[in-house]
Amino acid sequence: MSFVRTPDPTPGWLSDEELAVIRQRLPLLYVEAVPVRVDGMGQVTEVGLLLRVNPDGQISRTIVSGRVMYGESLRDALFRHLEKDLGPMAFPQLPASPTPFSVPEYFPPPTLGQYSDGRQHAVALAYVVPVTGTCDPRQDALELTWMTPEEAASPSVSAEMEGGRGALVRAALASVGRLP
C-alpha cells in the first residue's frame, strides 16, 4: 500500500509556529516599496503612505512591505506585495532592473541600528515604484494617503511611522532627487 502525499498548495509559506522559530534564528528577506505618482517628466509628485493598525492597536503610517517566499523572484515578490497592499488596479511600474535604492537592516532591539522590528532580524530591499492606476488598499491597511514629497518627508509624518521607515521614505525621496 502506498500513500500519495498531496502537494502543499502554498509552497514557500511557513506556519505561524515555523515562522516564529525561524524569526528567532535567521534574518528574513523582505521587499519594501514606496509607491509614488510621477508627472510626464518622471518627477515624483506624490508619495503614497498606508495607514494601518498595528498588533498593539496603535495607528501608524507605513509603506508596502512583505517577505520574499522561497523560490520567488524579487520582481514577483515586489509585485505580489504591491497588489496585496494597493489593490489589483494600482498598476505598479516595476523597475526594469531590480536594483534597490536602499538595503535597510531591521533589528529586534531598536538600539542596534537605524531600523527596528520587534519581531525579528530582517533585511529588506527597498524600491521606489510608480503606480498609475487606482489604489484601493486591502488586507490590514485602513487607507492610502497621497502626500507631496515635502509632506511625506516631514518630521510629523516620520513620527507616525514605525521602525525607522520615516528615514527610509526620506532616503527614497533623496534617491529620486525629491528630498526637500
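Below is a short write-up of the structure. (Residues numbered from 1 in each chain as written. Predicted model: local features only at pLDDT ≥ 70, side-chain atom pairs only at ≥ 80, totals over all residues. Heavy atoms only, no water.)

## Focus: the overall build of the protein chain
In terms of helices and strands, the protein chain carries 5 helices and 8 strands. The globule rule puts the C-alpha radius of gyration for 180 residues at 16 Å, and the 17 Å found for the protein chain is close to it. If you line up the protein chain on its principal axes, its C-alpha atoms span 70 × 40 × 30 Å. The 180 residues of the protein chain split such that 41% are buried. Long-range pairs, those at least 24 residues apart, make up 67% of the contacts in the protein chain between residues at least 6 apart in sequence. Carbon and sulfur atoms make up 56% of the accessible area of the protein chain, which totals about 10100 Å². (Helix = DSSP H or I, 4+ residues; strand = E, 2+ residues; numbered from the N terminus. Rg over C-alpha atoms; globule rule 2.2 N^0.38 Å. Buried < 20%, exposed > 50% of the residue type's maximum accessible area, 1.4 Å probe, protein only. Contact = heavy atoms within 4.5 Å. Areas by Shrake-Rupley, 256 points an atom, 1.4 Å probe, with all protein chains shown as cover.)

## Quick look at the layout of surface pockets
Taken as a whole, the largest pocket spans an internal volume of roughly 830 Å³. Along its surface, the largest pocket is lined by 32 residues, and R52, D117, R119, D140 and R165 are the ones closest to its centre. Counting residues per element, the ones that place at least two in the lining of the largest pocket are helix 1 (16-23), strand 1 (28-38), strand 2 (44-53), strand 3 (59-62), strand 4 (64-67), helix 2 (74-86) and strand 7 (122-130). Taken together, the residues of the lining of the largest pocket sort by class into 8 nonpolar, 10 polar and 14 charged. (1 Å grid on protein atoms, 1.4 Å probe; cavity = no way out; pocket = protein on both sides within 12 Å on 5 of 7 lines; lining within 4 Å. Points joined across faces, edges and corners; volume = space filled by probe spheres on them. Nonpolar A, V, L, I, M, F, W, Y, C, P; charged D, E, K, R; others polar.)

## Digging into the pairing of strand 2
Side-chain direction in a regular strand flips from residue to residue, so the side chains alternate between the two faces of the sheet. The buried fraction of strand 2 is high, at 7 of 10 residues. Bridging between strand 1 and strand 2 involves 3 bridges; their strand directions are antiparallel. Counted as the bridge partner of V38 is V44 from strand 2. Once strand 1 ends, the chain turns through 5 residues before running back antiparallel as strand 2, passing G42 with a positive phi of about 85°. Pairing of strand 2 with strand 8 (residues 141-147) involves 6 bridges; the strand directions are antiparallel. Within strand 8, the residue paired with L49 across the bridge is T145. Both strand 2 and strand 3 contribute to a ladder of 4 bridges, which runs antiparallel. Bridge assignment links R52 to a residue of strand 3, and that residue is S60. Taken together, strand 2 and the strand that follows it, strand 3, pair antiparallel across an intervening segment of 5 residues, in which G57 is found at a positive phi of about 90°. (Pairing = 2+ DSSP bridges.)

## Structural notes on the environment of I22
With respect to the secondary-structure elements, I22 resides in helix 1. Relative accessible area serves as the criterion here: at 25%, I22 is assigned to the partly exposed category. Ignoring anything within four residues of it in the chain, the contact list for I22 reads L14 and L28.

## A word on the nonpolar core
Counting residues in each nonpolar core, the largest one holds 25 residues, and the members touching the most others are V47, L49, I63, A152, V169 and L173. Of all the secondary-structure elements, those providing two or more residues to this core are strand 1, strand 2, strand 7 and helix 5 (165-175). Considering each element in turn, this core owes the most residues, 5 residues, to helix 5. Those residues in contact with I63, other than ones at most four positions away along the chain, are E32, A33, V34, L49, L50, R52, M161, R165, L168 and V169. (Core = buried A, V, L, I, M, F, W, Y, C linked by side-chain atoms within 4.5 Å.)

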